[in-house]
Amino acid sequence: MHHGPSPVAKPQTAAAKVFWLLVLRIPEALLAALIVILVLFLTVSVFARYALNIGLAWSDEASRLLFIWTVFIGYAVGVRHRAHIGVDFVVDRMPRRGRRVVETIQDIAILVFSILFTWQSYVTVKFSFLQRMPGLDVSIAWLYFAVLVAGVLMTIYAIFNLWDTLNGKRVAPDAMGAEALRISE
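Counting of residues starts from 1 at the beginning of each chain's written sequence and follows it residue by residue. Under the rules for a predicted model, residues below a pLDDT of 70 receive no local features and side-chain atom pairs below 80 are neither given nor counted, while totals for whole chains, interfaces and linings still include all residues. To obtain the side-chain values, all non-hydrogen atoms of the structure were used and water was disregarded.

### Re the pattern of salt bridges
In what follows, salt bridge is the name for a side-chain nitrogen of Lys or Arg lying within 4 Å of a carboxyl oxygen of Asp or Glu. If you walk through the whole model with that rule in mind, you get 5 salt bridges. Here R25 makes a salt bridge to E28, at a shortest N to O gap of 2.7 Å. Taken as a pair, R25 and E28 lie in helix 1 (residues 14-50) at a separation of 3 residues, close to a single helical turn. A 1.4 Å probe rolled over the protein chains alone gives each residue an accessible area, and that area as a share of the maximum for its type sets the label: buried under 20%, exposed over 50%, partly exposed in between. Taking relative accessible area as the criterion, E28 reaches 16% and is therefore assigned buried. Under the scheme used here, helices are H or I runs from DSSP no shorter than 4 residues and strands are E runs no shorter than 2 residues, and both carry numbers assigned from the N terminus.

### So, the nonpolar core
Put simply, a nonpolar core is a bunch of buried Ala, Val, Leu, Ile, Met, Phe, Trp, Tyr and Cys residues held in one set by side-chain atoms that sit within 4.5 Å of each other. By size, the foremost hydrophobic cluster in this structure holds 22 residues, and its most contacted members are W69, I73, A76, L143 and Y157. Taken together, the elements giving at least two residues each to this core come down to helix 1, helix 2 (57-81) and helix 4 (141-166). Top contributing element to this core by residue count: helix 2, with 8 residues.

### Looking at unusual backbone geometry
One non-glycine residue, N53, adopts positive backbone phi at about 60°. Within the secondary structure, N53 is located in the loop between helix 1 and helix 2. At D137, a residue that is not glycine, the phi angle is positive and equals roughly 55°. Note on placement: D137 falls in the loop between strand 1 (132-133) and strand 2 (138-139). On the accessibility criterion, D137 (52% relative accessible area) is exposed.

### So, the packing of aromatic side chains
To pair, rings of Phe, Tyr and Trp, with the six-membered ring standing in for Trp, must have centres within 6.5 Å; the planes then decide the type, stacked if under 30 degrees apart, edge-to-face if over 60, and tilted in the middle. Within the structure shown, the criterion is met by 5 aromatic pairs. Seen from their ring centres, F41 and W58 are 5.2 Å apart, and the 75° between their planes marks the pair as edge-to-face. In this pair, F41 is assigned in helix 1 and W58 in helix 2, connecting sequence segments 17 residues apart. Taking relative accessible area as the criterion, W58 reaches 32% and is therefore assigned partly exposed. For the pair W119 and Y122, a centre-to-centre distance of 5.7 Å together with 35° between the ring planes defines the contact as tilted. Separated by 3 residues within a single helix, W119 and Y122 lie in helix 3 (residues 96-128), roughly one turn from each other. Ring pairs connect the aromatic residues F72, F113 and F117, which therefore count as one cluster.

### Describing the packing of helix 1 against helix 2
Only the contacting stretch of a helix is used when fitting its axis, a line to C-alpha atoms as for every element, and angles between N-to-C directions run 0 to 180 degrees. In the contact formed by helix 1 and helix 2, the axes pass within 8 Å of each other and the chain directions differ by 150°. Overall, the two elements helix 1 and helix 2 adopt an arrangement that is roughly antiparallel. Regarding helix 1 and helix 2, the two cross each other, and that crossing is left-handed. Only Asp, Glu, Lys and Arg are considered charged in this grouping, and only Ala, Val, Leu, Ile, Met, Phe, Trp, Tyr, Cys and Pro are considered nonpolar; every other residue, Gly among them, is considered polar. Considered class by class, the residues forming the contact of helix 1 with helix 2 number 17 nonpolar, 6 polar and 5 charged. Working definition: roughly parallel below 35 degrees, roughly antiparallel above 145 degrees, roughly perpendicular at 65 to 115 degrees, and oblique for all remaining angles. Two helices crossing with the near one rotated counterclockwise from the far one by less than a right angle form a left-handed crossing, whereas a clockwise rotation gives a right-handed crossing.

### Some details on the confidence of the model for the chain
On a range of 0 to 100, pLDDT expresses the predictor's confidence in each residue. Mean pLDDT over the chain: 81, with 84% of residues reaching 70 or higher. Contact criterion: two residues are considered in contact whenever any of their non-hydrogen atoms come within 4.5 Å of each other. Taken together, the stretch residues 1-11 has pLDDT below 50 and engages in 45 contacts with residues farther than four places along the chain or on a different chain.

### Re helix 1
When the terminal C-alpha atoms of helix 1 are compared, their 52 Å separation across 37 residues agrees well with the 54 Å that a helix rising 1.5 Å per residue should span. Bend at a residue means the angle formed by two fitted axes: the first through the 7 residues ending at that position, the second through the 7 residues beginning there. Within helix 1, the axis deviates most sharply at L21, by approximately 40°. All buried positions along helix 1 are accounted for by W20, V23, L24, P27, E28, L31, L34, L38, S45 and A48. Every helix has an expected span of 1.5 Å times one less than the residues it contains.

### What about the packing of helix 1 against helix 4?
The N-to-C vectors of helix 1 and helix 4 enclose an angle of 120°; their axes lie 12 Å apart at closest approach. Overall, the two elements helix 1 and helix 4 adopt an arrangement that is oblique. Read as a crossing pair, helix 1 and helix 4 show a hand that is left-handed. Residue-level inspection shows F19, W20, V23, L24 and P27 of helix 1 in contact with helix 4, the latter providing L153, I156, Y157 and F160. Looking at side-chain class alone, the contact of helix 1 with helix 4 contains 9 nonpolar, no polar and no charged residues.

Here's what the structure looks like:
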């Protein structure tokens, strides 16, 4: 289902540039930073445990927290870049109109899922403030907040993906998504 121009078009106005900076480029930069920090934490933890014979109580929880943020923000960014796995065998052989119908249904399904996902993550975050992560001595809400942030981003991205599909500006993974597809084949 990857035809047409890139889903992330170049913004035309200053407001659009700021919007895309906030909702796409900052999460991408955050994702890169989280991966670097996660690798550093894991390296320090393994070194301390095996070379110095010291267990760092905070390192497992910090790594788990960073990993969860990385996974969920990465999933959300993947929604906008249309970089997730799809089965294109049948859809690619459909006439253009049939492809567009299937792609629209797909985008609506992703949007509905994203809205429900966001709502349920909000409910979970509300009830998680009472629990604490003992190794870090912070609220476990920090862990669940990653899911809420990802849900909000996925909803925003799903709206724009659906808009692009309805306006015929889609469907192709952008350069990042195309590279992921090329590597996976």
